[in-house]
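Structure assessment
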Amino acid sequence: MRVLTWVLRLLLFLFMFVFALKNTGPVNLQFFFGQVWQLPLVLLLLGFFAVGILLGVLAVAGALFRERRVSAALRRDMVRLSSSPSTVSPASES
């Protein structure tokens, strides 16, 4: 299974590498007020991909921190309950 994962990663990398080599032509990126940047298409795609990843991570970060806080509170409660004396009397043996 580990070999299959590495083969798939290698194929994905090769696909993206060939895609990048095929898309090196210049592209005009037009901003407001007539400002124009000219850069290779592959760099533009890479930049937007990186910004998308960053926005995705930021979108999930709030929920992740909230879950960590709840998990820590539950862990504290579990430790507190396990260290306190038991309030339930053991069942009598017959």
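Described below are features of the structure shown in this document. These numbers were taken from a predicted model, which means no experiment stands behind them.

Here's the deal with the pattern of salt bridges
Overall, the coordinates contain 1 salt bridge when judged by the stated rule. As a salt-bridge pair, Asp77 and Arg80 come within 3.7 Å of each other at their nearest N and O atoms. Here Arg80 and Asp77 lie together in helix H2 (residues 41-83), a separation of 3 residues that amounts to about one turn.

With respect to H2
Its 43 residues place the ends of H2 61 Å apart at the C-alpha level, agreeing with the 63 Å of an ideal helix rising 1.5 Å per residue. Residue Ala61 marks the point of greatest curvature in H2, where the axis turns by about 35°.

Observations regarding the packing of aromatic side chains
All told, the structure shown has 2 aromatic pairs when counted by the stated rule. Seen in terms of ring centroids, Phe13 and Phe17 are 6.0 Å apart; in terms of plane orientation they differ by 20°. Their pairing is stacked. In this pair, Phe13 and Phe17 both sit in helix H1 (residues 2-22), 4 residues apart, roughly one turn of the helix. Since its relative accessible area comes to 43%, Phe17 is described here as partly exposed. Ring centres of Phe31 and Trp37 lie 4.8 Å apart, and the angle between their planes is 70°; this geometry places the pair in the edge-to-face category. Residue class for Trp37 comes out partly exposed when judged on its relative accessible area of 46%. For Arg9, the ring lying beneath its charged end belongs to Trp6, and the centroid distance is 4.7 Å.

What counts, and at which threshold
- Residues numbered from 1 in each chain as written.
- Predicted model: local features only at pLDDT ≥ 70, side-chain atom pairs only at ≥ 80, totals over all residues.
- Heavy atoms only, no water.
- Salt bridge = Lys/Arg side-chain N within 4 Å of Asp/Glu carboxyl O.
- Helix = DSSP H or I, 4+ residues; strand = E, 2+ residues; numbered from the N terminus.
- Expected span 1.5 Å × (residues − 1).
- Bend = angle between axes of the 7 residues up to and from the residue.
- Phe/Tyr/Trp six-rings, centres within 6.5 Å; stacked < 30°, edge-to-face > 60°.
- Buried < 20%, exposed > 50% of the residue type's maximum accessible area, 1.4 Å probe, protein only.
- Lys NZ or Arg CZ within 6 Å of the ring centre and 35° of its normal.

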